[in-house]
Amino acid sequence: MAAKNTHRERPVPESMETTTRLALALALLPTVALSLQWLRNRAPPREIQNYRKEAAVAIRLARRCGRAMREADTKARTTIWKDGDGGIDPCTATDEANERLVVEGLGAAFPTHRVVGEESCSANGVIPVLDDDDVPTWIVDPIDGTQNFVHGLPCSVVSIGMAVRGVPRLGVVLDPYRDELWVAAAGEGAYLNGRRLKVAAAPPSADLSAYTVLTDLGYERGPAAKPLARLYASLLDKNVRAVRILGSTVLNLCYVATGRASSMVIGLVERDCPKPWDWCAGTLVAREAGCTIEMVDGRRALPGDSSKPPTSGEAFDLLSRSCVCAETPELCTRLRGLARDAIAG
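The rules we used
- Residues numbered from 1 in each chain as written.
- Predicted model: local features only at pLDDT ≥ 70, side-chain atom pairs only at ≥ 80, totals over all residues.
- Heavy atoms only, no water.
- Helix = DSSP H or I, 4+ residues; strand = E, 2+ residues; numbered from the N terminus.
- Buried < 20%, exposed > 50% of the residue type's maximum accessible area, 1.4 Å probe, protein only.
- Contact = heavy atoms within 4.5 Å.
- Areas by Shrake-Rupley, 256 points an atom, 1.4 Å probe, with all protein chains shown as cover.
- Expected span 1.5 Å × (residues − 1).
- Salt bridge = Lys/Arg side-chain N within 4 Å of Asp/Glu carboxyl O.
- Axes fitted to C-alpha atoms, helices over the stretch in contact; angles between N-to-C directions.
- Parallel < 35°, antiparallel > 145°, perpendicular 65-115°, else oblique.
- Nonpolar A, V, L, I, M, F, W, Y, C, P; charged D, E, K, R; others polar.
- Left-handed = near helix turned anticlockwise from the far one by under 90°.

K.L.:
Even after reading the chapter, I still don't get the overall build of the protein, so can you show me in this structure?
P.N.:
For the protein, the count of helices and strands is nine helices and 14 strands. Taken across its 345 residues, the protein has 51% of its residues classed as buried. Residue pairs at least 24 apart in sequence account for 67% of intrachain contacts in the protein once pairs closer than 6 positions are excluded. On the protein, roughly 16700 Å² of surface is accessible, and the fraction owed to carbon and sulfur atoms is 55%.

And the structure:
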């Protein structure tokens, strides 16, 4: 007859069970935090209510475009030069595919809305009137920073904005390389990965030694580009802390809104100045973060009315050919003066 097993398992002390559960919970915290961040980056901030459906659709489409940018191979970066052979203004297969994706997605979700895309406008040579009716108008740049994208420099974004009567009401900007998502809605704030943005101004400075200025070369070359040289000389003469060229107007605006730079000055020359797709989403992010935005002067892209006076703030003209964006009104005024002097020569 087999011996009876009289061994009894000793109960685990309750304190040990609690410690084990606590250790497991702590080990899972980073994973839970990353999951929550992942979810936040794929939905509009809860504070955005007026355009919540529009924001959700734009975010989804921007993320699909961003994935295409990250996964682009050599073929997807094949370049067509908008300004002809030997040109410097590129468009890639990914630009065109992203724009088709966004136009079709917005059209399916909002069939009564209008959609304006950079590549289709460039192909047709026409920028439509933006402020003659109340139809919501989506303004899309499928890749802002295409030169960077062509060369594999991870400094490009997807920009999807919506305007009504030429005034931005919603902006979604995605940097797919850093997984940074800016969302802004008129009157409801600007957010980076769910965190509300509010610019904190640097202490006033008699010169420009406290400020970092973002700018861009654009596509003007030769003697016509001299206003840029004059502006850079003025900034250096005023002891500017730093001048940076990122190669993306939209990213410039978002970086000023986020506090990574003090200001942006752009659009001093004539050739291929920024256009509505460069302004719509980015200027709204900056304005809702508390930045001051001004046109340098009254120059506008067709079909703009050149007789309209320069405007600022909410009324910033999406057909403007120039912009100063700064963390304070005082800095904006100073930089606007330097830019106008540089244009005048």
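K.L.:
Sorry if this is basic, but what is going on with helix α7 (residues 249-258) here?
P.N.:
Because the α-helix completes a turn every 3.6 residues, residues three or four places apart line up on one side. Within α7, 10 of the 10 residues are buried, which leaves the element mostly enclosed by the surrounding structure. Within α7, the full set of buried residues consists of T249, V250, L251, N252, L253, C254, Y255, V256, A257 and T258. A positive backbone phi angle near 90° is found at G259, which sits one or two residues after α7.

K.L.:
Just checking my understanding: could you explain helix α2 (residues 52-70) for this structure?
P.N.:
With 19 residues, α2 should cover 27 Å at 1.5 Å per step; its first-to-last C-alpha distance of 27 Å lies within 8% of that length. When α2 is considered as a whole, its buried residues turn out to be E54, A55, V57, A58, I59, L61, A62, R63, C65, G66 and M69. At its buried positions, α2 is contacted by α3 (93-109), β4 (137-144), α5 (146-150), β5 (157-164), β6 (167-175) and β7 (180-185).

K.L.:
I would appreciate a short explanation of the side chain of T212 in the present structure.
P.N.:
Residue position: T212 is located in strand β10 (residues 212-215). The contacts of T212, once residues within four sequence positions are left out, are R241, A242, R244, A261, S262 and S263.

K.L.:
Would you take a moment to explain the pattern of salt bridges for this structure?
P.N.:
Where side chains of opposite charge bring their charged atoms close, a pairing between them can arise. If you walk through the whole model with that rule in mind, you get eight salt bridges. A salt bridge links R299 to D297; the shortest N-O distance between them is 2.9 Å. A salt bridge links R300 to D317; the nearest nitrogen and oxygen atoms lie 2.5 Å apart. In this pair, R300 is assigned in the loop between β13 (292-294) and β14 (323-326) and D317 in the loop between β13 and β14, connecting sequence segments 17 residues apart.

K.L.:
Just checking my understanding: could you explain the packing of α7 against helix α8 (residues 276-288) for this structure?
P.N.:
Working note: a packed helix pair is described by the angle between its axes plus the distance between those axes. Relative to each other, α7 and α8 sit at 5°, their axes nearing to 8 Å. Taken as axis vectors, α7 and α8 run roughly parallel relative to one another. Where α7 approaches α8, its residues T249, V250, L253, C254 and A257 are matched on the opposing element by W277, D278, W279, G282, T283, V285 and A286. Class assignment of the residues belonging to the contact of α7 with α8 gives a composition of eight nonpolar, three polar and one charged.

K.L.:
Sorry, what's going on with the packing of α2 against α3 here?
P.N.:
At a minimum axis distance of 10 Å, the contact between α2 and α3 shows a crossing angle of 160°. By the angle class used here, α2 and α3 are roughly antiparallel. As for the relative orientation of α2 and α3, their crossing is right-handed in sense. Contacts between α2 and α3 involve K53, V57, L61, R64, C65, A68 and M69 from the former and T94, N98, L101, V102, G105, L106 and A109 from the latter.

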